[in-house]
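# Examining the three-dimensional arrangement
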Amino acid sequence: MKIKLSLSGARSQKEMTDIWNNGAPKKYSKYGTVLARLAKDRTKIITTVNGKVETQNHAEPGDVIVTNPGGEQYVLSKEKFKDRYTGPSLRSDDTSHKANGSCYAFKYAGEPLSFIAAWGEAMILNPGDYLCSPTKEADGDIYRIEGSVFPKTYR
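Presented here is a report on the structure given in the accompanying data block. (Residues numbered from 1 in each chain as written. Predicted model: local features only at pLDDT ≥ 70, side-chain atom pairs only at ≥ 80, totals over all residues. Heavy atoms only, no water.)

## Details of the nonpolar core
- Residues Met16, Phe115, Leu131, Cys132 and Phe150 are the most contacted members of the largest nonpolar core, which totals 24 residues.
- Among the secondary structure elements, those contributing two or more residues to this core are helix H1 (13-21), strand S9 (102-107), strand S10 (113-116), strand S11 (122-125), strand S12 (130-133) and strand S13 (143-145).
- A per-element tally of this core places S9 first, with 4 residues.
- With 10 residues, the next largest nonpolar core counts Ala36, Phe81, Tyr85 and Leu90 among its residues. (Core = buried A, V, L, I, M, F, W, Y, C linked by side-chain atoms within 4.5 Å. Buried < 20%, exposed > 50% of the residue type's maximum accessible area, 1.4 Å probe, protein only. Helix = DSSP H or I, 4+ residues; strand = E, 2+ residues; numbered from the N terminus.)

As structure tokens, this is what we get:
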């Protein structure tokens with residue numbers, strides 16, 4: 001079943017909280033290094049894994065555009081970035097940063113679906129992907145990490 005990536009018909013964060021509360025999330029530590037840069041202008045970031053569009057977001061000036069070792073990109077606020085990575089001062093060109101954060105997550109085993117990520121865009125969720133949040137309670141910040149990417153960046 002192929003899921004269309006659109007806001008129409010996507011589950012809300014509240015609906016995802018019900019799935020989250022039934023999923024028995026565990027704490028995982030992030031590891032490895034990423035490339036990161038400050039956005040100078042409003043920039044559309046399309047997160048792609050294995051040639052498939054996963055989600056999209058807009059980086060506003062001052063946000064951080066992160067590139068994982070697998071090449072997928074995503075956007076974080078400076079505050080979230082500083083909580084999850086260490087390294088040199090952020091600049092407008094890519095610099096290497098070491099991961100030091102964590103998340104709560106569980107491997108999803110339900111039907112494919114789409115939901116509204118915390119940044120307001122649709123995100124797909126397939127069986128074998130990980131449903132994640134920075135906190136065990138989720139608190140409206142539920143996102144997904146593709147199944148083959150999760151073990152490359154969390155343990």
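There is more to say, and it comes next.
## Notes on the environment of Ile145
- The topology assignment puts Ile145 in strand S13.
- In sequence terms Ile145 and Asp129 are 16 residues apart; their C-alpha atoms lie 6.0 Å from each other.
- Those residues in contact with Ile145 that sit more than four places away from it in its chain are Asp129, Tyr130, Cys132, Phe150 and Tyr154. (Contact = heavy atoms within 4.5 Å.)

## A short note on the sheet that holds strand S1 (residues 26-29)
- Reading across the sheet, the 4 strands line up as S1-S9-S12-S13 and stay open at both edges, with antiparallel pairing between neighbours. The two strands at the open ends of the sheet, each matched to only one other strand, are S1 and S13. Taking the axes of each pair of neighbouring strands and ignoring which way they run, one obtains an average angle of 45° across the sheet.
- Here H1 sits on the sheet in contact with S9 and S12, set at roughly 110° to S12. (Pairing = 2+ DSSP bridges. Axes fitted to C-alpha atoms, helices over the stretch in contact; angles between N-to-C directions.)

## A closer look at the sheet that holds strand S6 (residues 73-76)
- Read across the sheet, 5 strands follow the order S6-S5-S2-S8-S7 without closing on themselves; strand pairing throughout is antiparallel. Strands with a single pairing partner mark the edges of an open sheet, and in this sheet they are S6 and strand S7 (85-86).
- As paired strands, S7 and strand S8 (residues 95-99) are joined by 2 bridges and run antiparallel to one another. Counterpart to Thr86 in the pairing with S8 is Lys98.

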